[in-house]
Amino acid sequence: MNTLKKMQVLCDYAQYDLCDYVAPTKESSPNLPGIYQATSNGCKIPLFKVLMTNKCMNNCKYCVNQSKRNFTRLELKPEEIANTFLNYYNNDYVNGLFLSSGIVKSVDETMENLIETIRLLRKNYGYQDYIHLKIIPGASKDSIKRAMSLADRVSINIESGTESGLNEISPNKNLQKDIIRRFKWINNLSKRNRNLAPAGSTTQYIIGANNESDEEVLSSVNELYKKINLKRSYYSPFESVAGTEFENHENCDNKRSNRLYQADALISQYNFKLNELIFNKEGILIEEDPKYASALEMDIFPVDINSASYKELIRVPGIGLISAKKILKIRKKQKFKNIEQLKKIGVVTSRAEKFIKIDGSYQSSLNF
Ligand code: SF4
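Here the residue index of a chain counts from 1 through its sequence in written order. Totals for whole chains, interfaces and linings use every residue, but because this is a predicted model, local features are given only for residues with pLDDT of at least 70 and side-chain atom pairs only at 80 or more, for both listing and counting. Side-chain metrics in this entry use all non-hydrogen atoms of the structure; hydrogen atoms and water are not considered.

## Notes on the overall build of the protein
Condition: Helix and strand assignments follow DSSP, with helices taken as H or I runs no shorter than four residues and strands as E runs no shorter than two, numbered in order from the N terminus. With the radius of gyration taken over C-alpha atoms, the globule rule is written as 2.2 Å times the number of residues to the power 0.38. Contact between two residues is taken to exist if any of their heavy atoms lie within 4.5 Å; hydrogens are not considered. Just so you know, the count uses Lys and Arg for positive and Asp and Glu for negative, and it drops His and the chain ends. For this purpose, a charge sits on NZ of Lys, CZ of Arg, CG of Asp or CD of Glu.
For the protein, the count of helices and strands is 13 helices and 11 strands. Taken over C-alpha atoms, the radius of gyration comes to 23 Å for the protein, in line with the 21 Å a tight globule of 368 residues would show. Dimensions along the principal axes, computed over C-alpha positions, put the protein at roughly 70 × 45 × 45 Å. Across the protein, the fraction of contacts at a sequence separation of at least 24, relative to all contacts at a separation of at least 6, is 63%. Computing the positive centroid from 53 side-chain charges and the negative centroid from 42, the protein places the two 6 Å apart.

Below you can see the structure in the form of structure tokens.
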């Protein structure tokens, strides 16, 4: 099979790894495999996203590449990926590379193939732009360090927030040893040398493939944000794949992963504590915007726009980080007198009005 055909197959398989992924658009994507639009700080960036191989010795029960599944296995060589990628890059089709892989023969050998690909790009071809490299769980410290010296961002898929949850879906991996310990190494290495993977590390959870609750997943990611300086987490709703051990499992509703993204933003950007989020008895986020659900349970409301602290303002549904900062800046010069002034600076007043007072006056009745 020629390189283009292998590339077509392996780029399709790479869709299962998330990296700020949004659907490719026709105008931005020539008819070539592997071009995806990523988002960073609100900007769209076309990336070349490819799996080095769909061969894998592991047997993660949900995964399209699991060893027990019967399908055609392919592998690309480092030179094939490097040359194809550079061709895309030099034609301005993409601005960066996202490289991942199944595990062939051993973790060490797989890591060496991944590193060799990006080494060729950096050292032989002088490529300077963005590279995101997926680290294989269980990789050696030395290989992680070398990968970090060549990549802008690295990630390890954690898949699950608990050891028992991981065991249910990926019995070949150990959460603490193969994943958390590696994240600690990444964090320590980058603290010692800021040039190693300067864009930091990310991870991905598979949601709904096991019995794990949202509370367990969010508790896990909260620890990663605090302890290993994780930059971002992705929540991939489980989708059954024919021929895998989980082919008859129920798919996860996208609404659940969307709520996890909302709750994650509250933890990572709004400094919410886990116990400020509202879960049902099973530990699943209730079916409501997590910030709104949390506000209904807080006894701080209504807060006065002219005196509330930043921490209180950002807990008001409809007031985001930017509008809270604007409120603080404006009220240093003049008091807010009516809700229209809030609307003008971007507050979603239909959501906020129940929770605020302006200069002592309620904007709406708190009718919960
Ligand atoms: S290690 Fe598991 S999740 Fe990763 S490619 Fe192999 S089977 Fe899939």
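## A short note on the site of the ligand
Cut-off, in case you're wondering: Note on terminology: near, applied to a residue and a molecule or strand, indicates that one of the residue's heavy atoms is within 4 Å of it. Put simply, Ala, Val, Leu, Ile, Met, Phe, Trp, Tyr, Cys and Pro go in the nonpolar bin, Asp, Glu, Lys and Arg in the charged bin, and everything else, Gly too, in the polar bin.
Lining the immediate environment of the ligand, one finds Cys56, Asn58, Cys60, Tyr62, Cys63, Asn65, Gln66, Gly102, Ile103 and Lys173. Split into classes, the residues belonging to the shell around the ligand amount to 5 nonpolar, 4 polar and 1 charged.

## Remarks on the side chain of Arg259
Going by this rule: In this scheme, a residue with accessible area under 20% of its type's maximum is buried, one over 50% is exposed, and one in between is partly exposed, where area comes from a 1.4 Å probe on protein chains only. For this document, the term salt bridge refers to a Lys or Arg side-chain nitrogen within 4 Å of an Asp or Glu carboxyl oxygen.
Examined against the element boundaries, Arg259 turns out to sit in helix α8 (residues 254–268). Nearest to the buried, unbridged Arg259 among oppositely charged side chains is Glu287, at 4.9 Å. Residues within four places of Arg259 in sequence aside, it is in contact with Leu285, Ile286, Glu287, Glu288 and Pro290.

## Focus: the packing of aromatic side chains
Operational definition: To pair, rings of Phe, Tyr and Trp, with the six-membered ring standing in for Trp, must have centres within 6.5 Å; the planes then decide the type, stacked if under 30 degrees apart, edge-to-face if over 60, and tilted in the middle. Lysine NZ or arginine CZ positioned within 6 Å of the ring centre and within 35 degrees of the ring normal marks a charge as sitting over the ring.
As enumerated under the stated definition, the model contains 11 aromatic pairs in all. Each member of the aromatic cluster is reached from another via a ring pair, and the members are Phe48, Phe85, Tyr88, Tyr89, Tyr93 and Tyr127. Geometry around Tyr36 places Lys49 over its ring, the cationic atom sitting 5.1 Å from the centre. The ring of Phe272 has Arg315 lying over it, and the distance from NZ or CZ to the ring centre is 4.3 Å.

## What about the pairing of strand β8 (residues 232–237)?
Spelled out, the test is: Strands were regarded as paired on the criterion that DSSP finds at least two bridges between them. When the strands point away from the viewer, a crossover counts as right-handed if the path from the first strand over the helix to the second runs clockwise.
Relative to β8, strand β7 (residues 201–207) runs parallel, the two sharing 6 bridges. Within the sheet, the bridge partner assigned to Tyr205 lies in β8 and is Tyr235. This β-α-β element, β7 to helix α7 (residues 214–227) to β8, shows right-handed connectivity.

## Thoughts on the pairing of strand β5 (residues 130–134)
Of all 5 residues in β5, 4 are buried; the element is thus mostly enclosed. In the sheet, strand β4 (residues 96–100) pairs with β5 via 4 bridges, with the strands oriented parallel. Looking across to β5, one finds that Leu97 is bridged to Ile131. This β-α-β element, β4 to helix α3 (residues 107–124) to β5, shows right-handed connectivity. Direction of pairing for β5 relative to strand β6 (residues 153–155): parallel, over a ladder of 3 bridges. In the strand pairing of β6, Leu133 is matched with Val154. Since β5 and β6 lie parallel, the crossover through helix α4 (residues 141–150) that links them has a hand, and here it is right-handed.

## So, the UniProt feature "domain: Radical SAM core" (unreviewed entry) in the protein
For clarity, the threshold we go by: UniProt positions are given in the numbering used here, feature names are shortened, and annotations may be inferred rather than shown by experiment.
In this numbering, the UniProt entry assigns the feature "domain: Radical SAM core" (unreviewed entry) to residues 42–273. In residues 42–273, helix accounts for 41% and strand for 15%; the two terminal C-alpha atoms are 26 Å from one another.

## Topic: empty space enclosed by the protein
How we decide: The way it works is a 1 Å grid over only the protein atoms, where trapped points that fit a 1.4 Å probe form a cavity and open points with protein on both sides within 12 Å along at least five of seven lines form a pocket, and then any residue with an atom within 4 Å of a point lines it. Grid points are joined across faces, edges and corners, and a volume is the space filled by probe spheres set on the points.
This model, assessed by the stated rule, comprises 1 cavity of 30 Å³ or more. Volume-wise, the largest cavity comes out at about 30 Å³. Class assignment of the residues belonging to the lining of the largest cavity gives a composition of 6 nonpolar, no polar and 2 charged.

## Remarks on the nonpolar core
Definition in use: Here, nonpolar core means buried Ala, Val, Leu, Ile, Met, Phe, Trp, Tyr and Cys residues that are tied together by side-chain atoms lying within 4.5 Å of each other. The source of the domain bounds is an automatic or database domain assignment.
In this structure, Val50, Leu218, Leu277 and Leu342 are the most contacted members of the largest nonpolar core, which totals 107 residues. Both domains that furnish three or more residues to this core are identified here as domain 1 (3–253) and domain 2 (298–362). Setting aside anything within four residues of it in sequence, one finds Leu218 in contact with Tyr235, Leu260, Ala263, Asp264, Ile267, Leu274, Leu277, Phe279 and Leu285.

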